[in-house]
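Now for the letters of each chain:
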Amino acid sequence: MALSGTSRVRRQLPTSPWLFAAPGLLVTGAFVLYPFLSTLVNAFTDRRTLIPGQFVGLANFRELLQDDMFWTGLRNSTLYVLGVVPPLVVLPLLLALLVQKNIPGITFFRSAFYTPVVASIVVVGLIWVWLLDDRGLVNSLLETAGADRVGFLSDQWLLLLSAMAVTVWKGLGYYMIIYLAALGNVPRELHEAAAVDGAGAVRRFMTVTVPAVRSTMVLVGALSSVAAFKVFSEVYLLAGPSGGPAGEDTTLVMLVQRTGTGLTGRVGYASAISVVVFVVTVVLMLLVLRADRKEES
């Protein structure tokens, strides 16, 4: 009887991992795989919110090429990547080097730098709107100092730069933690040997620290690039649903939300924009990985 029970347990063991993985697989299938496939199919239809729609081939993508608002969104999303990624690659590394040191009061700064990460993006957006509004705190201080008010949220380019500043400010702590983990694996002997050779702090940073964390810098660059190209909340909260003056600050994800929602939403057209966003993010990832491989070779 004991042998029979043991063999029965052994026959059941191969299915046990699938039982543990089943909840995660179901959630992934329901909220990731199915929406992705549904978006891909809808991109080739004229589906609306309450109308199933019919197959239209590449009509949605041809319409994209003639849509000025699509090109505006593509321009803003691309500029967002160019403006956000370099600071998010460099500044968190410098912060990580700072908070890595055991100096009095450094625990407070570690918490302060990480606080924006855990703060709600809605709360963060409202705070920055309060600061940068035409009647906000920053403009009030400028007026008190005798300077003219600045249209942070009414000027097309200043609004986009303000949204970039919010993204960088909120992401610093997150990427700082990633760099801290990488810096913990850098042997101290390398820094000591460089110091013995007469290398200063800047030279040790360039010749020891940067090469040691280069793979982490590539990871941060890839993650921040994808997140920046898919930006929505920061621009939406600062610019409003209209996307700033005449919609000139609209990003691609904002265009998806505006086009595909509501009772008359063009789900098929919005899905086509989503497919473009997906393709561009994949291309960004491949470009970053290719640049990393070239650097290694």
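Every value quoted in this text rests on a predicted model; they were computed, and no experiment measured them.

K.L.:
Describe the nonpolar core, listing the residues and the values that go with them.
P.N.:
In terms of nonpolar packing, the biggest core is built from 60 residues, with Leu64 and Tyr80 touching the most fellow members. Top contributing element to this core by residue count: helix 8 (residues 156-183), with 13 residues. Beyond its immediate sequence surroundings of up to four residues, Tyr80 is in contact with Leu160, Ala163, Met164, Thr167, Ala228, Val231, Glu234 and Val235.

K.L.:
Can you explain the packing of aromatic side chains? Please cite residues and give values.
P.N.:
All told, the structure shown has 8 aromatic pairs when counted by the stated rule. With a centroid separation of 5.4 Å and 70° between ring planes, the pair formed by Phe70 and Trp71 is classed as edge-to-face. Accessibility expressed as a relative area gives 40% for Trp71, which makes it partly exposed. Ring geometry for Tyr174 versus Tyr175: centroids 5.1 Å apart, planes at 80°, classification edge-to-face. Among the residues examined, Tyr174 registers a relative accessible area of 41% and is labelled partly exposed. Among the aromatic side chains, those forming a connected cluster through ring pairs are Phe108, Phe109 and Phe113. Above the face of the Tyr269 ring, Arg266 is positioned so that its terminal group lies 4.5 Å from the ring centre.

K.L.:
So what about the pattern of salt bridges? Which residues, and what values?
P.N.:
The full count for this structure, using the stated rule, is 3 salt bridges. Taking the shortest distance from any N to any O, the salt bridge between Arg266 and Glu63 comes out at 2.9 Å. One end of the pair, Arg266, is in the loop between helix 13 (252-260) and helix 14 (267-296); the other, Glu63, is in helix 3 (residues 59-65), and 203 residues separate them in sequence.

K.L.:
Break down the layout of surface pockets for me, with residues and values.
P.N.:
A volume near 570 Å³ is recorded for the largest pocket. In this structure, the largest pocket is lined by 15 residues; those nearest its centre are Leu97, Gln100, Lys101, His191 and Thr209. Counting residues per element, the ones that place at least two in the lining of the largest pocket are helix 4 (68-99), helix 9 (188-196) and helix 10 (201-212). Residue contributions to the lining of the largest pocket peak at 4 residues, all from helix 10. Residues belonging to the lining of the largest pocket are distributed by class as follows: 7 nonpolar, 4 polar and 4 charged. Taken as a whole, the second largest pocket spans an internal volume of roughly 330 Å³. Phe36, Ser274, Val275, Val277 and Phe278 are, among the 15 residues lining the second largest pocket, the residues nearest its centre. Counting residues per element, the ones that place at least two in the lining of the second largest pocket are helix 2 (16-42), helix 13 and helix 14. It is helix 14 that provides the largest number of residues to the lining of the second largest pocket, a total of 6 residues. By residue class, the composition of the lining of the second largest pocket is 11 nonpolar, 3 polar and 1 charged.

Each value, and the rule that gives it
In every chain, residue numbers begin from 1 and rise along the written sequence. Thresholds applied to this predicted model are a pLDDT of at least 70 for local features of residues and 80 or more for the giving and counting of side-chain atom pairs; totals over whole chains, interfaces and linings are not thresholded and use all residues. To get the side-chain values, take all heavy atoms of the structure and skip hydrogens and water. Working definition of a nonpolar core: buried Ala, Val, Leu, Ile, Met, Phe, Trp, Tyr and Cys residues. They are joined through side-chain atoms within 4.5 Å. The classification of residues rests on relative accessible area computed with a 1.4 Å probe and restricted to protein chains. Under 20% of the type maximum is buried, over 50% is exposed, and intermediate values are partly exposed. Each helix is a run of H or I in the DSSP string that is no shorter than four residues. Each strand is a run of E no shorter than two, and both are numbered from the N terminus. Note on contacts: a residue pair qualifies if any of its non-hydrogen atoms lie within 4.5 Å across the two residues. Side-chain rings of Phe, Tyr and Trp, where Trp is taken by its six-membered ring, are said to pair if the distance between their centres is within 6.5 Å; with planes under 30 degrees apart they count as stacked, over 60 as edge-to-face, and otherwise as tilted. Placement of a positive charge over a ring is assigned whenever Lys NZ or Arg CZ falls within 6 Å of the ring centre and within 35 degrees of the normal to the ring plane. The term salt bridge refers to a side-chain nitrogen of Lys or Arg lying within 4 Å of a carboxyl oxygen of Asp or Glu. Only protein atoms enter the 1 Å grid, on which a cavity is a set of points fitting a 1.4 Å probe that cannot get out and a pocket is an open set with protein on both sides within 12 Å along at least 5 of 7 lines, lining residues being those with an atom within 4 Å of a point. Grid points are joined across faces, edges and corners, and a volume is the space filled by probe spheres set on the points. Residue polarity is assigned by list, with Asp, Glu, Lys and Arg as charged and Ala, Val, Leu, Ile, Met, Phe, Trp, Tyr, Cys and Pro as nonpolar; anything else, Gly included, falls into the polar class.

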